[in-house]
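# Structural features, examined
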Amino acid sequence: MRRPILAANWKMQKVTGEAESFVRAFLPLLKSASGVDVVIAPPFTALERVGTALRGSEIALAAQNVNAEEGGAFTGEIAPGMLVDLGCGYAIVGHSERRTLYGETNQGVAAKAAALLAHQIRPIVCVGESLEERESERTFAVISSQIEESLSEVPRDRSAEIVVAYEPIWAIGTGRTATPEMAQEVHAMIREQLRQRFGEAGGEIRIQYGGSVKPENVRDLMAQTDIDGALVGGASLEPESFAKIVRFDEQGGP
Ligand code: PEP
């Protein structure tokens, strides 16, 4: 049984005070949210403050990126051990904004995922096709090579610790969501590939959908067989909105 995982990706938003205020408002809204994993990925600068505010709750702290090196002369970078030090349980790697704006490659993502696992941090590995790739019917080919290459360094006995996030680039921050059926089609293909790569354990890997997830559409997305969670940008910035997403299975919301 795969436990749903709902993650907030705040990107480059919220100074420390705003981040802490979010947590203070968010926690009381979650009283009845059980049976799901909740993750918050603030910017690096707010990790410590959010981690402190989350203490005593079951919500996990995540980073939005990491460097695969252990440390050294890498100005401006953050090592996996530094994330351990701040209590991160997860880190997002290979987000499409990092791939397209900062030239991250599948090989680089694979190295980051391996470095995170070596530090007992669960990688959330993002994949997704561009609009042009979808329109030229290359979605499956693109996703398939992203999965194969980005997960190339994940050992079979650690595979249950990873999370895959399928995020069609054309749906991120645009208000355009893939229909639940469109998303399921790709998730099913990813699931099959994970089974081939990791055997039985591939069936346990959680696959999130990301791309304009909102309180209004999360329920239908989560009803799909191979959609195990959501990676949420814009709609995770307000406590009420993210709480409704986390409590997707409750009639009428909070
Ligand atoms: C994301 O940041 O991963 C994302 C899916 O953003 P949004 O929900 O705003 O589309």
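Here's a quick rundown of the structure. Residue numbers here run from 1 along each chain, matching the order of that chain's written sequence. Where local features are concerned, this predicted model is filtered to residues with pLDDT of at least 70; where side-chain atom pairs are given and counted, the filter is 80 or more; whole-chain, interface and lining totals use all residues. Only hydrogens and water are removed before side-chain values are computed, so all heavy atoms of the structure are retained for them.

Let us now look at the overall build of the protein. By the criteria applied, helices consist of DSSP H or I runs no shorter than four residues and strands consist of E runs no shorter than two, each listed in order from the N terminus. The secondary structure content of the protein amounts to 10 helices and 8 strands. Radius of gyration: C-alpha atoms only; globule rule: 2.2 Å multiplied by the number of residues to the exponent 0.38. Against the globule reference of 18 Å for 254 residues, the protein gives a C-alpha radius of gyration of 17 Å, in line with a compact fold. Overall, the C-alpha framework of the protein stretches about 50 × 45 × 35 Å when taken along its three principal axes. Per-residue accessibility, obtained with a 1.4 Å probe over protein chains only, is compared with the maximum for each type, and a residue is labelled buried under 20%, exposed over 50%, and partly exposed between these values. Put simply, the protein has 254 residues, and 54% of those count as buried. Contacts: residue pairs with any heavy atoms within 4.5 Å of one another. A fraction of 72% describes how many contacts in the protein between residues 6 or more apart in sequence connect residues 24 or more apart. Every accessible area reported is derived by Shrake-Rupley at a probe size of 1.4 Å, with residue values counting cover from the shown protein chains alone. Total accessible area on the protein stands at roughly 11400 Å², and carbon and sulfur atoms take up 51% of it. Within this scheme the basic residues Lys and Arg register as positive and the acidic residues Asp and Glu register as negative, but His and the chain ends are omitted. Charge positions are represented by NZ for Lys, CZ for Arg, CG for Asp and CD for Glu. A gap of 4 Å separates the mean positions of the 25 positive and 35 negative side-chain charges of the protein.

This part is about the pairing of strand β7 (residues 206-210). Among the 5 residues of β7, 5 are classified as buried, and the element is accordingly described as predominantly covered. Along β7, one buried face is formed by Arg206, Gln208 and Gly210 and the opposite face, lined by Ile207 and Tyr209, is buried too. The pairing of strand β6 (residues 163-166) with β7 spans 4 bridges and is classified as parallel. What sits directly across from tyrosine 166, in β7, is tyrosine 209. Any two strands with at least two DSSP-identified bridges between them are counted as paired. As judged from the 3 bridges shared by β7 and strand β8 (residues 229-232), these two strands associate in the parallel manner. Paired with tyrosine 209 across the two strands is alanine 230, which belongs to β8.

What follows is about the packing of helix α1 (residues 16-26) against helix α2 (residues 47-54). To get an axis, fit a line to the C-alpha atoms, keeping to the stretch in contact for a helix; angles then go from 0 to 180 degrees between the N-to-C directions. Put simply, α1 and α2 touch, their axes get as near as 9 Å, and they point 20 degrees apart. The orientation of α1 with respect to α2, classified from their angle, is roughly parallel. Handedness of the α1/α2 crossing: right-handed. The residues of α2 that touch α1, namely those facing Thr16, Gly17, Ala19, Glu20, Val23 and Arg24, are Arg49, Val50, Ala53 and Leu54. Gly is put with the polar residues, along with every residue not named as nonpolar or charged; the nonpolar set is Ala, Val, Leu, Ile, Met, Phe, Trp, Tyr, Cys and Pro, and the charged set is Asp, Glu, Lys and Arg. Of the residues that constitute the contact of α1 with α2, the class distribution is 5 nonpolar, 2 polar and 3 charged. Every angle not falling under 35 degrees, over 145, or within 65 to 115 is termed oblique; those three ranges are roughly parallel, roughly antiparallel and roughly perpendicular. Should the near helix be turned anticlockwise from the far one by less than a right angle, the crossing is termed left-handed; should it be turned clockwise, right-handed.

Take the site of the ligand next. Residues in close proximity to the ligand total 14 residues, the closest being Lys11, Glu167, Gly173, Ser212 and Gly233. Whenever a nitrogen or oxygen atom comes within 3.5 Å of another N or O atom, the pair is scored as a polar contact, on the condition that within protein one atom can donate a hydrogen and the other can accept it, and that pairs from neighbouring residues in sequence are kept only if both atoms are in side chains. The contact in question runs from an oxygen atom of the ligand to an N or O atom on the side chain of asparagine 9, over 3.2 Å. Within the backbone of glycine 233, an N or O atom sits 2.8 Å from an oxygen atom of the ligand. For the ligand, the protein covers 96% of the area, taking 290 Å² as the surface of the free molecule. Residue proximity to a molecule or strand is established when one non-hydrogen atom of the residue lies within 4 Å of it.

Counting residues in hydrophobic clusters, the biggest one holds 64 residues, and the most contacted among them are Phe26, Ile40, Val164, Ile190 and Phe242. Per-element tally for this core: the top contributor is helix α8 (residues 180-198), with 6 residues. Those residues within four positions of phenylalanine 242 in sequence are excluded, and the remaining contacts are Leu6, Ala7, Ala8, Phe22, Phe26, Val38, Val39, Ile40, Val232, Ala235 and Ser236. We call a set of buried Ala, Val, Leu, Ile, Met, Phe, Trp, Tyr and Cys residues a nonpolar core when their side-chain atoms join them within 4.5 Å.

Moving on to the layout of surface pockets. In the cavity and pocket records, a cavity denotes points on a 1 Å grid over the protein atoms alone where a 1.4 Å probe fits but cannot get out, a pocket denotes an open set with protein on both sides within 12 Å along at least 5 of 7 lines, and lining residues are residues with an atom within 4 Å of a point. Grid points are joined across faces, edges and corners, and a volume is the space filled by probe spheres set on the points. Each pocket or cavity is described by its volume, and for the largest pocket that value is around 530 Å³. Looking at the largest pocket, it is lined by 20 residues, and the ones nearest its centre are Lys11, Met12, Gln64, Arg98 and Tyr102. With 4 residues, helix α4 (residues 96-102) is the largest single contributor of residues to the lining of the largest pocket. Among the residues forming the lining of the largest pocket, the class breakdown is 9 nonpolar, 7 polar and 4 charged.

On to the packing of aromatic side chains. Pairing of aromatic rings covers Phe, Tyr and Trp, the last through its six-membered ring, and needs centres within 6.5 Å; plane angles under 30 degrees mean stacked, over 60 mean edge-to-face, and all others mean tilted. Under the counting rule described, the total for this entry stands at 4 aromatic pairs. Aromatic side chains tryptophan 10 and phenylalanine 22 sit 4.7 Å apart centroid to centroid with 70 degrees between the ring planes, which places their arrangement in the edge-to-face category. One end of the pair, tryptophan 10, is in the loop between β1 (5-9) and α1; the other, phenylalanine 22, is in helix α1, with 12 residues separating them in the sequence. Residue phenylalanine 22 is classed as buried on the basis of its relative accessible area, which comes to 2%. Three or more aromatic residues link up through ring pairs in this structure, and these residues are Trp10, Phe22, Phe26 and Phe242. Placement of a positive charge over a ring is assigned whenever Lys NZ or Arg CZ falls within 6 Å of the ring centre and within 35 degrees of the normal to the ring plane. When the ring centre of tryptophan 10 is taken as origin, the NZ or CZ atom of lysine 14, which lies over that ring, is 5.2 Å away.

The next point concerns unusual backbone geometry. One non-glycine residue, glutamine 120, adopts positive backbone phi at about 60 degrees. Examined against the element boundaries, glutamine 120 turns out to sit in the loop between α5 (106-118) and β5 (122-127).

Below, the discussion takes up the environment of serine 136. Examined against the element boundaries, serine 136 turns out to sit in the loop between α6 (131-135) and α7 (139-150). Serine 136 sits in the partly exposed class, given a relative accessible area of 36%. A distance of 3.4 Å separates the side chain of serine 136 from the backbone oxygen of glutamate 133, its partner in a polar contact.

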